[in-house]
Amino acid sequence: MENNKEMKAIDLREIIQTIWKQRMLFAKVLPVVFILSCLYIICIPRTYSSDTTLAPELDNPMSGGTLGDIASTLGFNLSDMQTNDAITPLLYPDLMDDNQFVADLLSIQVRSMDGEIKCSYEDYLKSYQEKPWWGDVFDWMRSFLPKDEDPNKDANIEGLENSPYLLTQDEDNIMEMARNNISMRVDKKTGIISIKTTAQDALICKALADSACAHLQAFITEYRTKKAIIDKEYYKQLTEEAKENYEKARRLYASYADANSEVVLASYRTKLDDLENDMQLKFNNYTAMTTQYQAALARVQERTPAFTMIKGATVPYKPTGPKRMIFVVGMLIFASILLSLYVTIKK
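Analysis parameters
Residues numbered from 1 in each chain as written. Predicted model: local features only at pLDDT ≥ 70, side-chain atom pairs only at ≥ 80, totals over all residues. Heavy atoms only, no water. Helix = DSSP H or I, 4+ residues; strand = E, 2+ residues; numbered from the N terminus. Buried < 20%, exposed > 50% of the residue type's maximum accessible area, 1.4 Å probe, protein only. Contact = heavy atoms within 4.5 Å. Pairing = 2+ DSSP bridges. Axes fitted to C-alpha atoms, helices over the stretch in contact; angles between N-to-C directions. Expected span 1.5 Å × (residues − 1). Core = buried A, V, L, I, M, F, W, Y, C linked by side-chain atoms within 4.5 Å. Salt bridge = Lys/Arg side-chain N within 4 Å of Asp/Glu carboxyl O. Parallel < 35°, antiparallel > 145°, perpendicular 65-115°, else oblique. Left-handed = near helix turned anticlockwise from the far one by under 90°. Nonpolar A, V, L, I, M, F, W, Y, C, P; charged D, E, K, R; others polar. Phe/Tyr/Trp six-rings, centres within 6.5 Å; stacked < 30°, edge-to-face > 60°.

**Side note on the overall build of the chain**
For the chain, the count of helices and strands is twelve helices and six strands. Looking at the chain residue by residue over its 347 residues, the buried ones come to 29%. Contacts in the chain between residues at least 24 apart in sequence constitute 76% of all its contacts with a sequence separation of at least 6.

**Description of the sheet that holds strand β6 (residues 307–311)**
With respect to topology, four strands assemble into an open sheet ordered β4-β5-β1-β6, the strand pairing being antiparallel. Because the sheet does not close on itself, it has two edges, and the strands there are β4 (182–186) and β6. Taking the axes of each pair of neighbouring strands and ignoring which way they run, one obtains an average angle of 25° across the sheet. Here strand β1 (residues 48–56) runs beside β6; their pairing, made up of four bridges, is antiparallel. Bridge assignment links T53 to a residue of β6, and that residue is K311. Of the strands in this sheet, β4 and β5 (193–199) touch helix α9 (residues 169–181), which is tilted by about 45° from β4.

**What about the side chain of T225?**
Inspection of the secondary structure assignment puts T225 in helix α10 (residues 202–259). Each residue touching T225, except ones within four places of it in the same chain, is listed here: V300, R303 and T304.

**Notes on helix α11 (residues 266–303)**
In this model, α11 (38 residues) spans 55 Å end to end at C-alpha, consistent with the 56 Å of a helix rising 1.5 Å per residue. Those residues of α11 lying buried are L272, L275, M279, M289, Y293, A296 and V300. Turning to α11, the residues buried within the fold contact α10.

**A closer look at unusual backbone geometry**
The linkage connecting G321 with the following residue, P322, adopts the cis geometry, with an omega of -5°. Among the structural elements, P322 can be located in the loop between β6 and α12 (324–346).

**Here we look at the nonpolar core**
Formed by 32 residues in total, the largest nonpolar core has its most connected members in L106, Y121, Y124, I193, I195 and L216. Contributions of two or more residues to this core are made by α6 (99–106), α7 (121–127), α9, β4, β5 and α10. The greatest single-element share of this core, amounting to seven residues, is contributed by α10.

**As for the pattern of salt bridges**
Where charged atoms of side chains with opposite charge meet at close range, the side chains can pair. Within the structure shown, the criterion is met by nine salt bridges. With its nearest N and O atoms 2.5 Å apart, the salt bridge here joins D210 to K206. A residue pair is termed a helical-turn pair when its members lie 3 or 4 positions apart in one helix, as D210 and K206 do in helix α10 at four residues. For K206, a relative accessible area of 23% puts it in the partly exposed group. The partner of R250 in a salt bridge is E247, and the shortest N-O contact between them spans 2.5 Å. You can see R250 and its partner E247 sitting in helix α10, three residues apart, about one turn around the helix. Taking the relative accessible area as the measure of exposure, R250 reaches 36% and is therefore partly exposed. The exposure class of E247 is partly exposed, given its relative accessible area of 21%.

**A look at helix α3 (residues 23–43)**
Between the first and last C-alpha of α3 there are 31 Å, a value that for 21 residues agrees with the 30 Å anticipated at 1.5 Å per step. Packed against the buried residues of α3 are α2 (12–21) and α12.

**Quick word on the packing of α10 against α11**
Across the interface, α10 lies against α11 with an axial gap of 7 Å and an inter-helix angle of 160°. Regarding the angle of α10 to α11, the classification is roughly antiparallel. With respect to the hand of their crossing, α10 and α11 are arranged in left-handed fashion. Here the contact of α10 with α11 is built from residues that sort into 22 nonpolar, six polar and twelve charged.

**Some details on the packing of α2 against α12**
At a minimum axis distance of 9 Å, the contact between α2 and α12 shows a crossing angle of 110°. Considering their axes alone, α2 and α12 lie roughly perpendicular with respect to each other. On α12, the residues that touch I15, T18 and I19 of α2 are S340, V343 and T344. Classifying every residue of the contact of α2 with α12 by side-chain character gives three nonpolar, three polar and no charged.

**Quick notes on the packing of aromatic side chains**
Per the stated rule, a full pass over the model turns up seven aromatic pairs. For the ring pair Y121 and Y124, a centre distance of 6.2 Å and an interplane angle of 25° mean the geometry is stacked. Here Y121 and its partner Y124 are both found in helix α7, three residues apart, which amounts to about one turn of the helix. Each residue in the set Y40, W133, W134 and F327 is aromatic and connected to the rest through ring pairs, giving one cluster.

**Section: the environment of D97**
With respect to the helices, strands and loops of the structure, D97 is situated in the loop between α5 (78–81) and α6. Given a relative accessible area of 56%, D97 falls into the exposed group. Here the alpha-carbon distance between D97 and R179, two residues 82 residues apart in the chain, equals 7.9 Å.

This is the structure we're talking about:
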């Protein structure tokens, strides 16, 4: 029982001596790991990153009250996030899951830093993406394998012609690449939207960040003003109809008055008064519709949100990935740990 209770202490000196005795093994393995790590990481294409931040105007009908005070103690600014809109700023990053939003970004025109590439972003992802040499080897090997038939390749569904919601496998892969290169994030405390983009060219990276920001602003503006624009178009139609009716009544009154200017019969005078009253009613209706139309125009302007650009996208001057030095050092440390465990366990 006493022997079972005895705890055997780990002798670090003995472990260090054991590892030191196997220093020649480290001297053989670590240079090989260094060379292989360098050869691997050099083949990985360099990427650039750019980011931009903006603060959208929010419809803030409530100040938060007691609930806002409680939320503020927990680190949330509830007053900044309250809005009458169904789509709150917290849902803006989910727009990247929508195929239509990504398809609009794929259609933007991009240009490389050296000016040799001028095409759409979709064509850039298809034809101008650099790959490590083993990626080309795998693509060459896959070309000999039988390909599964894509059910959406020749699909012709009414109402979905050229729709981003009916994609082939290649088109879906392109959209997935775009989603991986564009990320949106919303700060829950301040409501500030951050957009970060990644590309293999510095200028394309900036253009992608600017376009993503512009498309997001256009989406928010369209959503916020959609109801007001519908009302504006409705009152515009009513105003045009009221104007047309007034013009008809005015011409009818004028022609009847000119044709019977010397007639003194009461029946003619009565009809002239009726035409004048009808013209006046239509004019009043036209004036009222014009007022409503002007108010609808004002509501469109009122609902149009303003955006404050906090940080604009810049052209990065150095790549952000991969971190070659960190990768090589990390592989050397990892190999050293494995070798140390190996010689210690073997001893």
